Amino acid sequence: DTAVSQTPKYLVTQMGNDKSIKCEQNLGHDTMYWYKQDSKKFLKIMFSYNNKELIINETVPNRFSPKSPDKAHLNLHINSLELGDSAVYFCASSSAGAQANEKLFFGSGTQLSVL
Amino acid sequence: SQKIEQNSEALNIQEGKTATLTCNYTNYSPAYLQWYRQDPGRGPVFLLLIRENEKEKRKERLKVTFDTTLKQSLFHITASQPADSATYLCALDSWGKFQFGAGTQVVVTP
């Protein structure tokens, strides 16, 4: 069983559309994250949730809205997609809070292409 | 501003040799430093964690050093194999957020 699974794997859409990416983890972890990896391969944290509560909210346009229905799921909804949103989005989880001694478990990524 | 720097150029190495990667950081005071491996089309996979009071950590053919004075970590892959070909990322903690370097690609040729 995949520990952190996200869908879809690929997402191609037009500018202005609204789309969602789903993430689920079966590790029993309390904390989940969304990261964005741009074309230069930098992984940047976007959001962190601990047990359904928003912990970290980086400087991300408010077109991006995370939703955590329970601690095993963290979805990412993006409104009014722009060309610059094209990137690979990774979901991740860790057993406790976003602490430096906690290792992250990543999903396989969603490659978003905005045309 | 905070920076994590890893060699942007790919490291090409012959099978059996030791690959050495660097991770330099500025304006961080990390208590821990982590290394991850990322294969194309996949998410990063955790490899090793080293604490600030540890000089060196080993796991099988991997070795990590952490010098808080130099603000640098070195990542070594000994007896490298073609299967070690991947991108390797270092990550630091900053106020509860994991910050990643851009990674260094390693290519091991037979």
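These remarks concern the structure in this document. Just so you know, these numbers come straight off a predicted model, no measurement behind them.

To continue, consider the sheet that holds strand β1 (residues 3–6) of chain B. Two pairing modes exist for strands in a sheet, parallel and antiparallel, and in both the strands are linked by backbone hydrogen bonds. All names here are of chain B. The five strands lie next to each other as β1-β3-β8-β7-β6, forming an open sheet whose pairing is antiparallel. Each edge of the open sheet carries a strand with a single partner, namely β1 and β6 (56–59). Sheet twist, expressed as the mean angle between neighbouring strand axes with direction ignored, is 15 degrees. Bridge count between β1 and strand β3 (residues 19–26): four bridges; the pairing is antiparallel. Bridge pairing links Q6 to C23 in β3.

Quick look at the state of the cysteines now. A full pass over the atoms with the stated rule returns two disulfides over all chains. C23(A) shares a disulfide with C91(A); S-S distance 1.9 Å. On the sign convention where negative means left-handed, the S-S torsion of about -75 degrees between C23(A) and C91(A) marks this disulfide as left-handed. One end of the pair, C23(A), is in strand β3 (residues 19–25); the other, C91(A), is in strand β9 (residues 87–94), with 68 residues separating them in the sequence. Linked covalently through their sulfurs, C23(B) and C90(B) form a disulfide whose S-S length is 2.0 Å. With the S-S dihedral at roughly 70 degrees, the linkage between C23(B) and C90(B) falls on the right-handed side. Of this pair, C23(B) sits in strand β3 while C90(B) sits in strand β9 (residues 86–94); the two residues are 67 residues apart in sequence, bridging distant segments of the chain. Each of the two residues, C23(B) as well as C90(B), counts as buried.

Tallying each qualifying case throughout the model produces one cavity of 30 Å³ or more. Put simply, the largest cavity is a space of about 30 Å³. Considering only residue class, the lining of the largest cavity consists of three nonpolar, three polar and three charged.

About the thresholds
- Residues numbered from 1 in each chain as written.
- Chains lettered and ligands numbered in written order.
- Predicted model: local features only at pLDDT ≥ 70, side-chain atom pairs only at ≥ 80, totals over all residues.
- Heavy atoms only, no water.
- Pairing = 2+ DSSP bridges.
- Helix = DSSP H or I, 4+ residues; strand = E, 2+ residues; numbered from the N terminus.
- Axes fitted to C-alpha atoms, helices over the stretch in contact; angles between N-to-C directions.
- Disulfide = S-S within 2.5 Å.
- Buried < 20%, exposed > 50% of the residue type's maximum accessible area, 1.4 Å probe, protein only.
- 1 Å grid on protein atoms, 1.4 Å probe; cavity = no way out; pocket = protein on both sides within 12 Å on 5 of 7 lines; lining within 4 Å.
- Points joined across faces, edges and corners; volume = space filled by probe spheres on them.
- Nonpolar A, V, L, I, M, F, W, Y, C, P; charged D, E, K, R; others polar.

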